[in-house]
Amino acid sequence: MTESPRSSVPELTLSNSVRIPQLGFGVFQVPPEQTQEIVEDALAAGYRHIDTAAAYGNEAGVGAAIAASGIPRAEIFVTTKLRNGDQGRARAAFMDSRRALKLDTVDLYLIHWPVPSQGMFVQAWKELEGLYRDGYMRAIGVSNFLPEHLDALADQSQVLPAVNQIELHPGFRQAALAADTVARGIAVEAYSPLGQGAALADDEVAALADKYGTTPAQVVLAWHLGSGRIVIPKSANPGRLRENLAAVDLDLTQEEMDTLDGLDAGSRIGADPATASFSQL
């Protein structure tokens with residue numbers, strides 16, 4: 001199972017009834033000068049969900065790839081994110097992203113990190129609510145938000161985040177945060193879904209890959225999909241792009257899902273959202 005998928009990528013319905021492809025393609029750490037080519041490869045492989053961010057510096061490449069693809073805009077789900085240092089100018093920052101992408105609207109716009117030390121994420125969220133009501137984005141959400149940050153939004157705003165994008169992989173499952181997020185009616189989206197490659201070396205993952213004749217990455221992505229999460233792997237290799245997408249054809253048993261759940265070691269790779277304070281500028 002290393003070629004393009006036989007079946008289509010499943011979609012999830014967000015709280016506002018917008019549908020999102022469950023398996024997308026992330027462009028974190030993709031160099032700006034390579035982004036258009038890599039995203040064109042991803043679109044040609046069959047991806048219809050592209051995840052970027054202002055902080056990545058490659059929104060223009062994503063937009064250029066979409067324009068060059070010839071695929072109708074309505075068929076491509078585009079996510080981008082608000083930089084931490086732009087929380088005080090959220091509307092203007094979104095318009096900057098919109099211009100870079102050369103898109104009239106984006107499908108999902110996220111606050112990238114809460115940065116609680118700034119005390120500005122609620123203000124930024126209210127700006128996103130206004131943009132959402134004005135039709136500039138089909139859904140709004142957050143990234144790296146903990147329960148206390150979600151509580152603050154619930155107490156002081158009117159629109160529920162559609163998505164909470166968090167670090168989540170077999171070595172760092174964040175089960176409590178994920179369960180809390182889902183209980184609020186917010187979809188969980190996993191970034192660094194392969195643990196930046198660490199999960200691929202687990203013996204249990206390798207054994208399942210051997211059993212099914214798949215790649216270890218397909219096993220881990222199938223675990224994410226089977227858990228009901230949105231997942232956004234990335235690769236600059238066209239062959240791996242297609243291999244990852246083929247994970248939609250792999251169904252793990254409940255026992256196998258439980259085995260992968262048991263790999264959780266609390267091994268965070270990225271920053272802690274409770275204290276992260278970088279500006280991304």
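Just so you know, these numbers come straight off a predicted model, no measurement behind them.

## Concerning the environment of Asp203
By secondary structure assignment, the location of Asp203 is in helix α7 (residues 203-212). Along the sequence, Asp203 and Gln165 sit 38 residues apart, while their C-alpha atoms lie 27 Å from each other.

## As for the confidence of the model for the protein
Low pLDDT means the predicted atomic positions in that stretch should not be read closely. Looking at the protein, pLDDT values average 96 and 98% of them are 70 or higher. Averaged over each element, pLDDT in the protein is lowest for helix α9 (residues 238-245) (95) and highest for strand β6 (residues 108-111) (99).

## Some remarks on the packing of helix α3 (residues 90-101) against helix α4 (residues 121-133)
When two helices pack together, their arrangement is captured by the angle between the axes and the distance separating the axes. Contact geometry of α3 with α4 gives a least axis separation of 9 Å together with a crossing angle of 55 degrees. Here α3 lies oblique to α4, going by the angle between them. For the pair formed by α3 and α4, the contact residues are Ala90, Arg91, Phe94 and Met95 on the first element and Ala124, Glu127, Leu128, Gly130 and Leu131 on the second. Tallied by class, the residues present in the contact of α3 with α4 amount to six nonpolar, one polar and two charged.

## Considering the packing of helix α2 (residues 59-69) against α3
Their axes nearest at 7 Å, the elements α2 and α3 cross at an angle of 45 degrees. Regarding the angle of α2 to α3, the classification is oblique. Between α2 and α3, the residues in contact are Glu59, Ala60, Val62 and Gly63 and Ser97, Ala100 and Leu101, respectively. Taken together, the residues of the contact of α2 with α3 sort by class into four nonpolar, two polar and one charged.

Cut-offs applied
- Residues numbered from 1 in each chain as written.
- Predicted model: local features only at pLDDT ≥ 70, side-chain atom pairs only at ≥ 80, totals over all residues.
- Heavy atoms only, no water.
- Helix = DSSP H or I, 4+ residues; strand = E, 2+ residues; numbered from the N terminus.
- pLDDT = per-residue confidence, 0-100.
- Axes fitted to C-alpha atoms, helices over the stretch in contact; angles between N-to-C directions.
- Parallel < 35°, antiparallel > 145°, perpendicular 65-115°, else oblique.
- Contact = heavy atoms within 4.5 Å.
- Nonpolar A, V, L, I, M, F, W, Y, C, P; charged D, E, K, R; others polar.

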